[in-house]
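# Observations on the model geometry
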Amino acid sequence: MNLLKFLKPALLLPFALLLSGCQLVLLNPAGWVAAQERDLLVVSTILMLIIIIPVLIMGVYMPWRYRASRPNTDDYDPEFEHSSVFEAFIWGVPVLIIIALGALTWIYTHKLDPYKPLTHIDAKPIEVEAVSMDWKWLFIYPELNIASVNELVVPTGRPVNMSLTSTSVMNTFSVPALAGMIYSMAGMETKLHFVADESGKYYGRSANYSGPGFAHMDFTTYAVNEDNFNSWVDKVKSQGSDLSIDNYRVLEKPSVANSVSYYNGVADGLFDKIVGLCVDPGKVCLGDMMMQDMMGGGGLDGIKDKEKYVYDEFTPGEGFDSHEFQETLHGNPDEPTKGPLDVRNPDQTAMLIKNGTTLNNDKARQE
């Protein structure tokens, strides 16, 4: 009776899991890269279960089978010392599994290198430059001369060549349904390549803690067909403002829970200036500074230009709790309800983008 008392709550756990509403997005990817990562996860888990399941079974069976109170002890052999078959099994199987895991890791590490373009897809790639800010995401489309904040829209079936950097602390770009995570770091440029095979609305966020506004540092990724993508581009160009250097410096100020915004023009070389930490007029870009250092530096005459080489925003002792942020750290009262929801749209009858606006008016319907 006591055992049954403890088993009853355990029997309810499967039902609690069904009612939790969790989405196993890692096991239900919508892009080639995410699908390969899913396969690696599943195969690695199965290989490890080859050891784990027998160990769990023997952990219960062996103490019961050879308990001191068992009625028949004829199999007891006090002279037992060694069994070659037993040794070969307990060492050989794990070694084979480790070899298999090592081979899989080597293959998939090279296959899914985030810096490796998806050359097997016969479609023109689209270039996207992603900038992690405090605490929002800026996505620049250099070929289209547009940009968006907290909204990433990509066409299905076309590789996305993404370059990433950060304006402040290190962040991590993550859209679990489409690709793996990649870090964005100030003064550096990282790469990520992925493709959306299925149209839909996918959850994205920063997966690396970056300060007070981290909880709201998420964004929506829309994968749409080519016609819907072109419609979105036209909307951005008609509704957005110009992302000039001055407007960028305003956008760069720390803020929390920013709403989606668009820009129909981007300052020349803005992303390269962000990477080089030289957006502000008069600042020397990191690449130029390193070149000057390699050539011997500026000597004593360079002291008067010291401010051109200072990149840190805060002096020692200051930080995100400084009084300077009291006016800029605010929440957006109109922030929509967000969450890790991934909604597929296989027939592409309607794709909602920003406040219920549909990109495809044919067969459009409101959610």
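Remember, predicted model here, so these are calculated numbers, not experimental data.

Reading the values: rules and limits
Residues numbered from 1 in each chain as written. Predicted model: local features only at pLDDT ≥ 70, side-chain atom pairs only at ≥ 80, totals over all residues. Heavy atoms only, no water. Axes fitted to C-alpha atoms, helices over the stretch in contact; angles between N-to-C directions. Helix = DSSP H or I, 4+ residues; strand = E, 2+ residues; numbered from the N terminus. Parallel < 35°, antiparallel > 145°, perpendicular 65-115°, else oblique. Contact = heavy atoms within 4.5 Å. Nonpolar A, V, L, I, M, F, W, Y, C, P; charged D, E, K, R; others polar. Buried < 20%, exposed > 50% of the residue type's maximum accessible area, 1.4 Å probe, protein only. Pairing = 2+ DSSP bridges. Salt bridge = Lys/Arg side-chain N within 4 Å of Asp/Glu carboxyl O. Expected span 1.5 Å × (residues − 1). Bend = angle between axes of the 7 residues up to and from the residue. Patch = residues over 30% accessible without salt bridge, like charges linked within 9 Å, V, L, I, M, F, W, Y side chains within 5 Å. Areas by Shrake-Rupley, 256 points an atom, 1.4 Å probe, with all protein chains shown as cover. Disulfide = S-S within 2.5 Å. Polar contact = N/O pair within 3.5 Å; in protein donor to acceptor, adjacent residues only side chain to side chain.

Our focus in this paragraph is the packing of helix α2 (residues 32-65) against helix α3 (residues 84-111). Their axes nearest at 10 Å, the elements α2 and α3 cross at an angle of 175 degrees. Taken as axis vectors, α2 and α3 run roughly antiparallel relative to one another. Counted together, Trp-32, Gln-36, Asp-39, Leu-40, Val-43, Ser-44, Leu-47, Met-48, Ile-50 and Ile-51 of α2 and Val-93, Pro-94, Ile-97, Ala-100, Leu-101, Leu-104, Tyr-108 and Lys-111 of α3 form the full contact between these two elements. Here the residues of the contact of α2 with α3 sort into 14 nonpolar, two polar and two charged.

Turning our eyes to something else, we now look at the pairing of strand β6 (residues 171-174). Residue alternation in β6 divides its side chains into two sets, Asn-171 and Phe-173 and Thr-172 and Ser-174, and both sets are buried. Where β6 and strand β7 (residues 182-184) come together, three bridges link them in antiparallel fashion. The residue of β7 that forms the bridge with Phe-173 is Ile-182.

A separate point is the sheet that holds strand β1 (residues 126-133). Taken in spatial order, the seven strands of this open sheet run β8-β5-β1-β2-β3-β12-β11, and their pairing is mixed. Lying at the two open borders of the sheet, with one neighbouring strand each, are β8 (190-194) and β11 (241-243). Between one strand axis and the next, the sheet turns through 30 degrees on average, direction left out of account. Bridging between strand β2 (residues 136-141) and strand β3 (residues 146-149) involves four bridges; their strand directions are antiparallel. Paired with Ile-140 across the bridge in β3 is Ala-147. Sheet strands touched by helix α4 (residues 226-239): β1, β2, β3, β11 and β12 (261-266). Its angle to β12, the strand with the most contacts, is close to 80 degrees.

Okay, the pattern of salt bridges next. For the coordinates displayed, the defined rule picks out four salt bridges. Salt-bridge contacts for Arg-38 lead to Asp-39; the nearest nitrogen and oxygen are separated by 2.8 Å. A salt bridge links Lys-191 to Glu-189, with the shortest nitrogen-to-oxygen separation between them at 2.9 Å.

Time to look at α2. Here α2 contains 34 residues, and its C-alpha end-to-end distance of 48 Å stays within 8% of the 50 Å for a straight helix at 1.5 Å per residue. At Leu-49, α2 shows its maximal kink, close to 40 degrees. Every buried residue of α2 is accounted for by Val-33, Ala-34, Ala-35, Gln-36, Ser-44 and Leu-47. Looking at the buried residues of α2, the elements they touch are α3 and β8.

With that settled, consider a nonpolar patch on the surface. Among the surface-exposed residues, Met-48, Leu-49, Ile-52, Ile-53, Val-55, Leu-56, Ile-57, Met-58, Tyr-61, Met-62, Trp-64 and Tyr-66 lie close enough to one another that they form a single nonpolar patch of about 1200 Å² accessible area. Classification of Tyr-61 by relative accessible area gives partly exposed; the value is 40%.

Once that is clear, we can look at α3. Here α3 is 28 residues long and its end C-alpha atoms lie 40 Å apart, about the 40 Å a rise of 1.5 Å per residue gives. Within α3, burial applies to Ile-97, Leu-104 and Tyr-108. Where the residues of α3 are buried, they touch α2.

This part covers the state of the cysteines. Overall, the coordinates contain one disulfide when judged by the stated rule. Between the sulfur atoms of Cys-278 and its disulfide mate Cys-285 the distance is 1.9 Å. Around the S-S axis, the bridge from Cys-278 to Cys-285 shows a dihedral of about 75 degrees and counts as right-handed. On the basis of relative accessible area, Cys-278 is assigned to the buried category, the value being 5%. For Cys-285, a relative accessible area of 22% corresponds to the partly exposed category.

Within the secondary structure layout, Asn-150 lies in the loop between β3 and β4 (151-155). Taking the relative accessible area as the measure of exposure, Asn-150 reaches 4% and is therefore buried. A distance of 3.0 Å separates a polar side-chain atom of Asn-150 from the backbone oxygen of Asn-258. Each residue touching Asn-150, except ones within four places of it in the same chain, is listed here: Lys-136, Trp-137, Phe-139, Asp-218, Phe-219, Thr-220, Asn-258, Ser-259 and Val-260.

Take the environment of Thr-119 next. Note that Thr-119 resides in the loop between α3 and β1. On the basis of relative accessible area, Thr-119 is assigned to the exposed category, the value being 71%. Along the sequence, Thr-119 and Pro-159 sit 40 residues apart, while their C-alpha atoms lie 8.5 Å from each other.

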